[in-house]
Amino acid sequence: MAASPDPILILGGGLMGLAVAHQLARRGHSVLLLSRRRSEAAGFVAAGMLAPHAEGLSGPLLQLGQASLKRIPHWVAQIEADSGLSCGLRPCGIVVPFETPEQRDQFPTAPWGLSLDRLELEREVPGIGDAWRAGLLFSQDGQIDNRRQLMRALERACVQLGVQFQEGSEVQELLQDASGHLKAVRLVSAEGETLTMACQSAVLAGGAWSAQLLPELPVFPVKGQMLSLQAPKGALERVVFGPGTYLVPREDGLLVVGATSEPEAGFDEGLTPAGQRTLQEGIASLLPAANSWPPMERWWGFRPCTPDEGPLLGTSPVPGLWLATGHHRNGVLLAAITAELLCLQISPETGGGKETNNAEGTLLEQFHWSRFQGRA
Ligand code: GLY
């Protein structure tokens with residue numbers, strides 16, 4: 001990228017915005033991150049599963065997920081070195097239970113997992129409900145403590161590397177020059193001032209709200225409600241990924257339980273009795289004893305979804321604006337590869353060799369926003 005007096009703007013202070021800002025800053029770029037409301041970011045809401053196999057992904061999304069999973073240990077090591085904080089990475093494996101061996105064998109990612117019969121399933125998940133007769137263990141999948149550790153470590157790493165932050169800034173408009181290239185953004189600051197900020201380069205990482213800035217993008221919210229329980233020490237080692245409900249045991253015994261999937265809710269905020277009941281029923285089915293463990297917290301958030309549930313990465317309809325959004329259920333998993341791909345495109349001179357660029361370029365093409373053009 002040609003040298004520019006203006007910093008690269010990151011529009012969105014969630015996990016994608018932070019991850020891209022961090023990698024750009026590591027490559028020597030000047031970066032300013034504009035965040036509307038830190039607490040609404042999906043990165044704080046997710047359970048932090050690293051689960052391309054347990055999610056049963058397929059096609060290019062599985063490839064992208066596997067590529068990210070491979071990079072996560074190195075990515076986390078960079079964040080931990082830059083921040084001095086632990087990210088809470090836990091390569092604990094994920095168990096997916098099934099009611100029948102046939103369902104297990106038909107699961108899209110079954111070839112990557114270890115087949116479990118009922119006895120083996122009980123050994124992996126002591127106390128698992130009677131309905132589950134078979135399972136798959138994906139020992140390569142895991143989790144990271146996104147809510148309490150990763151997000152904070154990334155923020156600190158960014159600050160240490162000189163990234164500027166403006167929390168409470170709502171970007172309302174992208175301004176283009178006569179050729180259509182991005183030239184500025186209009187925003188309202190936390191103090192209520194309307195400002196025009198010049199920029200030649202920006203990354204849109206606005207999560208579920210991305211289409212509010214660029215209506216061409218087919219990104220919409222899928223609400224999820226969650227809760228956490230305090231489990232007895234050592235009660236569960238593996239993540240358990242059931243249909244509709246999953247249990248994610250943190251190192252200190254907190255058990256994160258997710259999640260409803262409510263596209264019909266739009267941006268309706270708040271918990272609902274029906275949503276919380278769904279989670280309670282899921283717990284009762286997966287791990288009956290957990291229904292008596294004390295609840296610690298309940299929360300909700302909005303996944304940024306697209307029609308094919310894959311992210312939008314790379315260039316956008318506005319030259320100078322790149323996309324890092326639409327990661328739906330897989331944002332925590334995909335943050336590492338997203339940051340790397342975006343940096344390779346925005347700043348190719350600081351990236352890997354030709355071979356890397358070719359492989360990454362193919363991945364980027366598959367997640368270009370234009371794949372939805374012309375769709376009804
Ligand atoms: N990654 C799981 C979820 O979005 O609920």
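About the thresholds
- Residues numbered from 1 in each chain as written.
- Predicted model: local features only at pLDDT ≥ 70, side-chain atom pairs only at ≥ 80, totals over all residues.
- Heavy atoms only, no water.
- Helix = DSSP H or I, 4+ residues; strand = E, 2+ residues; numbered from the N terminus.
- Buried < 20%, exposed > 50% of the residue type's maximum accessible area, 1.4 Å probe, protein only.
- Contact = heavy atoms within 4.5 Å.
- Areas by Shrake-Rupley, 256 points an atom, 1.4 Å probe, with all protein chains shown as cover.
- Lys, Arg positive; Asp, Glu negative; His and termini not counted.
- Charge placed at Lys NZ, Arg CZ, Asp CG, Glu CD.
- Near = heavy atom within 4 Å.
- Polar contact = N/O pair within 3.5 Å; in protein donor to acceptor, adjacent residues only side chain to side chain.
- Nonpolar A, V, L, I, M, F, W, Y, C, P; charged D, E, K, R; others polar.
- Phe/Tyr/Trp six-rings, centres within 6.5 Å; stacked < 30°, edge-to-face > 60°.
- Lys NZ or Arg CZ within 6 Å of the ring centre and 35° of its normal.
- Core = buried A, V, L, I, M, F, W, Y, C linked by side-chain atoms within 4.5 Å.
- Pairing = 2+ DSSP bridges.
- Axes fitted to C-alpha atoms, helices over the stretch in contact; angles between N-to-C directions.

### Side note on the overall build of the protein chain
Moving on, step 1. The secondary structure content of the protein chain amounts to ten helices and 20 strands.
Moving on, step 2. Across its three principal axes, the protein chain shows a C-alpha extent of roughly 65 × 50 × 45 Å.
Moving on, step 3. Every one of the 376 residues in the protein chain was classed for burial, and the buried ones make up 55%.
Moving on, step 4. Long-range pairs, those at least 24 residues apart, make up 72% of the contacts in the protein chain with a sequence separation of at least 6.
Moving on, step 5. A total accessible area of about 15,500 Å² is found for the protein chain, and carbon and sulfur atoms account for 52% of it.
Moving on, step 6. Computed over 29 positive and 39 negative side-chain charges, the inter-centroid distance for the protein chain is 3 Å.

### Comments concerning the site of the ligand
Moving on, step 1. In the vicinity of the ligand, the residues found are Met49, Glu55, Tyr246, Ala259, Arg303 and Arg329.
Moving on, step 2. Note that an oxygen atom of the ligand is positioned 2.7 Å from one of the side-chain N or O atoms of Arg303.
Moving on, step 3. Within the backbone of Arg329, an N or O atom sits 2.6 Å from a nitrogen atom of the ligand.
Moving on, step 4. Protein contact buries 87% of the 200 Å² of open area that the ligand shows by itself.
Moving on, step 5. Looking at the shell around the ligand residue by residue, the classes come out as three nonpolar, no polar and three charged.

### Description of the packing of aromatic side chains
Moving on, step 1. For the structure shown, the criterion picks out six aromatic pairs.
Moving on, step 2. Judged by centre distance (6.5 Å) and plane angle (40 degrees), the rings of Phe107 and Phe138 are tilted. Remark: Phe138 occurs in strand β7 (residues 134-138) and Phe107 occurs in the loop between α4 (101-106) and β6 (114-117); sequence separation between them is 31 residues.
Moving on, step 3. Between Phe267 and Phe302, the ring centres sit 5.3 Å apart and the planes meet at 70 degrees, which makes this aromatic pair edge-to-face. A residue pair is termed long-range when its members are at least 10 positions apart, and Phe267 in the loop between β17 (254-258) and α8 (273-286) and Phe302 in strand β18 (residues 295-305) qualify at 35 residues.
Moving on, step 4. By relative accessible area, Phe267 is classed as partly exposed at 32%.
Moving on, step 5. Above the ring of Trp299, the side-chain terminus of Arg147 is found at 3.7 Å from the ring centroid.

### Looking at the nonpolar core
Moving on, step 1. With 53 residues, the main nonpolar core has Ile10, Leu64, Trp75 and Leu150 as its most contacted residues.
Moving on, step 2. When residues of this core are traced back to their parent elements, those giving at least two are β1 (8-11), α1 (15-26), β2 (31-35), α3 (59-83), α6 (146-160), β20 (321-325), α9 (331-346) and α10 (354-366).
Moving on, step 3. The greatest single-element share of this core, amounting to eleven residues, is contributed by α9.
Moving on, step 4. Setting aside residues no more than four positions away along its own chain, Leu150 makes contact with Leu15, Trp75, Ile79, Cys87, Ile144, Asp145 and Val332.
Moving on, step 5. Leu182, Met197, Cys199 and Ala202 belong to the second-largest nonpolar core, a separate cluster that totals 23 residues.

### Section: the environment of Gly326
Moving on, step 1. Tracing the sequence through the fold places Gly326 in the loop between β20 and α9.
Moving on, step 2. Assessed through its relative accessible area of 0%, Gly326 is described here as buried.
Moving on, step 3. The sequence separation of Gly326 and Cys305 amounts to 21 residues, and the corresponding C-alpha distance is 5.1 Å.
Moving on, step 4. Residues contacting Gly326, with those up to four places away along its chain left out, are Pro304, Thr306, Gly310 and Pro311.

### Here's the deal with the sheet that holds strand β16 (residues 246-249)
Moving on, step 1. An order of β6-β7-β5-β15-β16-β17-β14-β18 is seen for the eight strands of this open sheet, with the pairing classed as mixed. The sheet terminates laterally at β6 and β18, the two strands that pair on one side only. Across the sheet, the axes of successive neighbouring strands diverge by a mean angle of 25 degrees, strand direction being ignored.
Moving on, step 2. Where strand β15 (residues 239-241) lies against β16, two bridges are found, and the strand directions are antiparallel. Directly across from Val240, in β16, lies its bridge partner Leu247.
Moving on, step 3. With respect to the sheet, α8 is in contact with β5 (94-98), β14 (220-230), β15, β16, β17 and β18, its orientation differing from that of β14 by roughly 55 degrees.

On their own, these measurements won't tell you what the molecule is for.
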